[in-house]
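Per-entry structural report
What follows is the residue order along each chain.
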There are 2 protein chains.
Amino acid sequence: MVKKMLTAVLLCTVFAQIMAQNSDKKLFTLEDLIPGGGTYRQSSYPENRYYAFWGEKCVELDLGEVKAIDPATGESSTLFTLEQAAKPLQQGELRHLYSAQFPYPGQPLALFKQYGRRALVDWQTGELVWSQPIDTAAESEDFSPKSRNLAFVKDHNLYVTDADGKTRAVSTDGSIDIVYGEAVHRNEFGIEKGTFWSPDGQLLAFYRMDQSMVSTYPQVSIGPFSHDQSRCAQLVPDKYPMAGETSHQVTVGIYDVKADRTHYLQLGDPTDRYFTNIAWAPDGKTLYLIELNRDQNHAQLLAFDAQSGQQTAKLLEQSDDKYVEPLHPIQFLPWDSQKFILQSRQDGFSHIYLYELAKNGRSCKLLKQLTQGEWEVFDVLGFCPSEKSIVFTSNEADQLGCAVWSVSTSGKRKAIGSTSGWHYPTLSADGTALLDNWSSPTVARQIDLASTPSAKTTPLFTASEPWDNFRVPEIKVGTIKAADGTTDLHYRLVLPTDFDATKKYPAIVYVYGGPHAHMVDATRHWGVRGWDIWMAQQGYVMFTIDNRGSEHRGKAFEQATFRRLGEEEMKDQLRGVDFLKSLPYVDADRLGVHGWSFGGFMTTSLMTTYPDVFKVGVAGGPVIDWRFYEVMYGERYMDTPQSNPDGYDSTSCLKKAANLKNRLLIIYGGNDPTCVPQHTLSFIRACIDAGTHPDLFTYPGDGHNMMGTDRVHLHEHISRYFDDFLKK
Amino acid sequence: MVKKMLTAVLLCTVFAQIMAQNSDKKLFTLEDLIPGGGTYRQSSYPENRYYAFWGEKCVELDLGEVKAIDPATGESSTLFTLEQAAKPLQQGELRHLYSAQFPYPGQPLALFKQYGRRALVDWQTGELVWSQPIDTAAESEDFSPKSRNLAFVKDHNLYVTDADGKTRAVSTDGSIDIVYGEAVHRNEFGIEKGTFWSPDGQLLAFYRMDQSMVSTYPQVSIGPFSHDQSRCAQLVPDKYPMAGETSHQVTVGIYDVKADRTHYLQLGDPTDRYFTNIAWAPDGKTLYLIELNRDQNHAQLLAFDAQSGQQTAKLLEQSDDKYVEPLHPIQFLPWDSQKFILQSRQDGFSHIYLYELAKNGRSCKLLKQLTQGEWEVFDVLGFCPSEKSIVFTSNEADQLGCAVWSVSTSGKRKAIGSTSGWHYPTLSADGTALLDNWSSPTVARQIDLASTPSAKTTPLFTASEPWDNFRVPEIKVGTIKAADGTTDLHYRLVLPTDFDATKKYPAIVYVYGGPHAHMVDATRHWGVRGWDIWMAQQGYVMFTIDNRGSEHRGKAFEQATFRRLGEEEMKDQLRGVDFLKSLPYVDADRLGVHGWSFGGFMTTSLMTTYPDVFKVGVAGGPVIDWRFYEVMYGERYMDTPQSNPDGYDSTSCLKKAANLKNRLLIIYGGNDPTCVPQHTLSFIRACIDAGTHPDLFTYPGDGHNMMGTDRVHLHEHISRYFDDFLKK
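Residues numbered from 1 in each chain as written. Chains lettered and ligands numbered in written order. Predicted model: local features only at pLDDT ≥ 70, side-chain atom pairs only at ≥ 80, totals over all residues.

The helix and strand inventory of chain A stands at twelve helices and 42 strands. The globule rule puts the C-alpha radius of gyration for 728 residues at 27 Å, and the 27 Å found for chain A is close to it. If one aligns the C-alpha atoms of chain A with their principal axes, the spans along those axes are about 70 × 65 × 60 Å. Counting the 728 residues in chain A, one finds 50% classified as buried. The contacts in chain A between residues at least 6 apart in sequence include a share of 58% that link residues at least 24 apart. (Helix = DSSP H or I, 4+ residues; strand = E, 2+ residues; numbered from the N terminus. Rg over C-alpha atoms; globule rule 2.2 N^0.38 Å. Buried ≥ 20, exposed ≤ 12 C-beta atoms within 10 Å, placed from the backbone. Contact = placed C-beta atoms within 7 Å.)

The structure is reproduced here in structure tokens:
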């Protein structure tokens, strides 16, 4: 299996022209290529269709009707119309059917969430079966279709509206300092939300985070403000715990809707402890979570009695000399409530392990490692009880891809649907059917309906390639060796539009380089960015390589960067530069580099560590010194400034400001809550003090990334800088 | 007299080569030319000498001795040495004699202010006569040599230390919201301090300002902070009342040192009223001030009983259909305590008026307008009782100069010392002697000692020209007509170093353009800026013109800009551009513009109002929209946004962001408390929204201007931008 994958990768390394160029086709505008551009949707976004599951049945959601899909043929027939569904609702309340939900298998009930209420309509009788009011200021809504209880957050407090529409406050002292029901620990450790309904929807586990002891970052809004306010800029305080500093304290509460009572898990002193991956037992009597120490090198799977809040078991422990990073809650087998699976990287790659609880629930034992190999399980989509299998995505078939597989509890594995390209699947609640929306370097978008047991697929929709009308430059992928001399790294190379091999072109490296991300993959056009295409059209060679430290390549690949973020990554990027320089059509004296966030850190680091390599750099929203980054992400890779001062010093761009020699433009979101403006401003200050001259731009009011029309402006601005200083 | 002046101006308009160029001389570095540069002091700053008065006697202050000056010959002889003065002090307390003061005529007493105390030494006996402790955190110190009481401010509270060294708090509730003893009304209306000793030094008038109702501008410090603090950026709140918004409320208190008692003047509701130009009656029984309404078109000279705080008289009123701007407190004649002088622009130019108080002090009458003509009195230096004259500076002799004159109460006027160039004089307390430190286009620095009665001068020191070692470019001055077709405007033109009339050079306009400032004057090298010289050396023609609205040309000249700041000023600047384009050696396609503060507003306005004129602009610390500027300065010239919405709209650069076409770099101090960052950031936002592309730079931690090495970096950065986009 591993060999198969390697062969696939090797095939990719053979330069292959992906798109034939056609000089009578259109040239792109930046608006065609950048999300937010006025013509982006028609020019660059492959057409889509919207499907959902109603039990095991697949339905297509459309503006005016919901259609039932025949799984054998893919043919559709009207299930109900907008008119039918809207009949019991108020005039104008329902305007389309794209967001209809079908939580009750077998029952002809469609759930609609409108502004102001959630409504359940019987499309056969045309009756409003049930409805529930929604506070217009509600955030982080979490609805239990089972109990029809709704949890939501408003002004940092947690509320529950029950099925009868009665709303109760679970907390009342919420503030910027104490927040309830929101994602905690800055969304690290797989945390995406702050409320967790028990299987019956009557108990609500929730996070409470006290961040009163955390530093407040003074973000500033320049308005415009409403007419009854001063027009003077206003403070927007934001809690931001910086690496090595005092962190927030998290606890977990359980709210019993029927009893209207809250109690907290008896977790003890929460100082410097992370509580993640909350999971309910199938019977709702036990709550599981993973506790991680602040050093992030020791994780424990703990069980708590949901009624008493007392800890009942420490089931598993895991340590690592660098870090462990639990990202997935345990999941119980639907057909055996004593068995659960755990996703772990303990053998060096992310894989699925099957455990069995002791009868008393106080311990567990490993039954089987269900997957293994030098590839990674991405996500468990769910279970197929009828064949007792677990359905998941992985890059087993192609290191650059993501495909759907199932594995039985005996370890028997099979692919479901195509294994080429990159798949965004949705599994039906009963696990028998799979909606598979995918693309590949040559497939703009394909939607298939697959059967989990048979692994057979029925095509539902094929999108045409929107770039077929344009002069798309040639895109190549391949591998080169990392700086360690042995590891293969994937790159993507975009040749200038109307490429002439006898010419010398300037070349730009687009870099990210950080963990939990990759830039080169088997999605449409090898994941090329619209800006790459734009710059290729302006006469640049565009190059991207996923260095060691990036995702989906296993633990050792990722952890090569531990305590020295940027160092190994830069060495790998310089191998990419060597490769670029080896290309006869690349002008080695006109190399540029651009990246955002971690890529902004990489860009600034490259320009100041190897000041002669790149003539021009553009760093966006950069980390400048990991001392200004937050505790959870930062300390995982860097430990604390106290325990790793040399690592922080040697990777700090502040210390290298004097080395800056060539042109470096730094761009940041004026209200970036992730890489706070202090990063960029501290670097500017360090350069001024050192007598060097970076350039600067900011997007006032924007966060870590520019969206909409700002994103188009941003890429105009970046392009202009390369045109000013690299093109000629 | 007027004709004489005009002749002088006309002479200046004849292009004259000021400096012979010499190709075997050195070229400048930027460090030679910019204050803060490592070699600035030796390369660009004419040598200086330090003198002071001891009664009517002039003494020279030196490192190791104080010398008495013979007024007839200018010869010096040792008065006392550092060793003698330091004898009664602690080891190392006194390290030089440059800051010695001699407040007691006839007595051999030198006053030294050291860190920690103020000490009075008898240099003849070698004894410490008296000393007074100084709080190390004391700010805004105001010492009365008469009573030896010291007023100071600490943490916004006012304190007085008496002659016996006892300190009492005058206020205790000082905070960022309520400040005591500090300059108020944002230092407008001539306000430079917040404490005013009565003639006997026993009563202290002081300002109290309540700004709790004023908007807080959230300035942010990025550190570095001390080790016991978080390294997270910190809020630095600053009260900033924006035009048309709620302003602060000022009152005036009087603290009686002997009684340790404070009472406040009975001023009534202080809302939207300005209290300025505080002056004591010679007997200390009456306090005078000028009250101005918020619209700034009506001023009243009021008298208050110092003991009761009650208003005793409204002595004078002045109105104007645009604005009045009282800048100078009344001053009583030392030889007649019923008579005072008032400086006013009521006849269109700033002149001195002599008034007489009624016996009861309840009214006054004008005795005489002491000066008049189409020139301006700058400052009254003091009085010469022996000849009953008032000593002042004016530009009577030369519209570009500043010379010293005296006028008798009968109106007889005479010049004291040279009337050429620009004079920085100091008058002795008895008014008979004048220390005159001056320069002119051809004089680097001259220090003379003059007699007020005889008007004769004795030269004390002549500095050599530090630029004599360098290749100084040719500097010309002249006049052209303003856009009104009649008014003469003064310009300064700097030709490129090693000028070749057959070549075409790029040209840069340096602009300020706002009130209370001028750029072209009769100081050394016509007031040329070091950066002009630098850029001339880089091959640019440098041009500056003082448009209508600038200072020292009278009320009509200044008020031409009323309610439409920037409009007439730009028209005048465009006349300057026409003139530049008429020069055969100027490349009309390569024009640049640069300015700071009001000049940053002018630059941004020019680049967005006349987008085809300048290829490159650099705007520093700009006003972008007068709505973001403060109440006192802003409303004087613009009225309020409520009463002049069209004026605010039509002058707002935000509304013109879409017009930006060519290259515009905007630079701002990261913590600018004057033109707050909101100006620049709002413009950047407006440009992003409009799809235009300014460039940006900031100096984190700096205020409205860059000082020290930052100033050198700034000018490197500005120069680089012109080199990037204008030079070629």
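Let us look at the relation of the copies chain B and chain A. Note on the identical chains: chain B maps onto chain A by a rotation of 180° and an axial translation of 0.0 Å, with an RMSD of 0.0 Å. These values place the two chain copies in the arrangement generated by a two-fold rotation axis. Taking C-alpha positions as reference, the residue of chain B nearest the rotation axis is B:Leu696, located at 2.8 Å. Most of the interface of chain B is mirrored in chain A: 100% of its interface residues are interface residues there too. (Least-squares fit on C-alpha atoms with pLDDT ≥ 70 in both.)

So, about the interface of chain B and chain A. One frequently used descriptor of interface size is the decrease in accessible area upon assembly of the parts. Opposite the 38 residues of chain B that make contact, chain A presents 38 residues. The set of elements that each furnish at least two residues to the side of chain B that touches chain A consists of strand E15 (216–221), strand E16 (234–239), helix H11 (678–690), strand E42 (695–699) and helix H12 (709–725) of chain B. Among the elements that take part in the side of chain B that touches chain A, H11(B) stands out by supplying six residues, more than any other. Here the residues of the side of chain B that touches chain A are counted per class, giving 18 nonpolar, twelve polar and eight charged. (Nonpolar A, V, L, I, M, F, W, Y, C, P; charged D, E, K, R; others polar.)

Right, let's talk about the sheet that holds strand E11 (residues 167–169) of chain A for a bit. Residue and element names in this part refer to chain A. What the four strands build is an open sheet, ordered E8-E9-E10-E11; its pairing is antiparallel. Of all the strands in the sheet, the pair left with one neighbour each is strand E8 (139–143) and E11. Ignoring which end each strand starts from, the neighbouring axes of this sheet average 20° apart. As paired strands, strand E10 (residues 157–161) and E11 are joined by three bridges and run antiparallel to one another. Looking across to E11, one finds that Thr 161 is bridged to Thr 167. (Pairing = 2+ DSSP bridges. Axes fitted to C-alpha atoms, helices over the stretch in contact; angles between N-to-C directions.)

Here we take up the nonpolar core. Counting 410 residues, the largest nonpolar core has A:Leu204 and B:Leu204 as its most contacted members. Residue-level mapping places this core at the junction of two domains, with at least three residues from each of domain 1 (2–45 + 467–725) and domain 2 (273–374) of chain B. Ignoring any residue separated from it by four or fewer positions in sequence, one finds B:Leu204 in contact with B:Ala151, B:Val160, B:Thr195, B:Trp197, B:Ile254, B:Tyr255 and B:Val257. (Core = buried A, V, L, I, M, F, W, Y, C linked by C-beta atoms within 7 Å. Domains from an automatic or database assignment.)

This part is about the packing of helix H7 (residues 567–582) of chain B against helix H8 (residues 598–609) of chain B. All names here are of chain B. One way to put it is that H7 packs onto H8 with a least axis distance of 11 Å and a crossing angle of 75°. As the angle between them shows, H7 and H8 are arranged roughly perpendicular. Contacts between H7 and H8 involve Glu 569, Met 570 and Gln 573 on the former and, on the latter, Met 602, Ser 605, Leu 606 and Thr 609. When grouped by side-chain class, the residues that make up the contact of H7 with H8 number three nonpolar, three polar and one charged. (Parallel < 35°, antiparallel > 145°, perpendicular 65-115°, else oblique.)

Turning our attention to the pairing of strand E38 (residues 541–545) of chain A. All names here are of chain A. Of all the five residues making up E38, five are buried; the element is thus mostly covered by neighbouring parts of the structure. The side-chain alternation of E38 yields two buried faces, one formed by Val 541, Phe 543 and Ile 545 and the other by Met 542 and Thr 544. Inspection of the sheet shows strand E36 (residues 488–494) paired to E38 by four bridges, in the antiparallel sense. Each residue of the ladder has a partner; that of Tyr 491, found in E38, is Ile 545. Relative to E38, strand E37 (residues 505–511) runs parallel, the two being bridged by three bridges. Bridging from a neighbouring strand, Ile 508 pairs with Met 542 of E38.

With 17 residues, H12(B) should reach 24 Å at 1.5 Å per residue; the first-to-last C-alpha distance of 25 Å fits that figure. Regarding H12(B), the residues found buried are B:Arg711, B:Val712, B:His713, B:Leu714, B:His715, B:Ile718, B:Ser719, B:Tyr721 and B:Phe722. (Expected span 1.5 Å × (residues − 1).)

Looking now at the environment of A:Gly514. All names here are of chain A. Its location among the elements puts Gly 514 in the loop between E37 and helix H5 (530–537). Taking the number of C-beta atoms within 10 Å as the measure of exposure, Gly 514 has 24 and is therefore buried. Sequence-wise, Gly 514 and Pro 611 are 97 residues apart; in three dimensions their C-alpha atoms are separated by 21 Å. Excluding residues within four positions of it along the chain, Gly 514 makes contact with Gly 549 and Phe 598.

The analysis is restricted to geometry; functional conclusions fall outside its scope.
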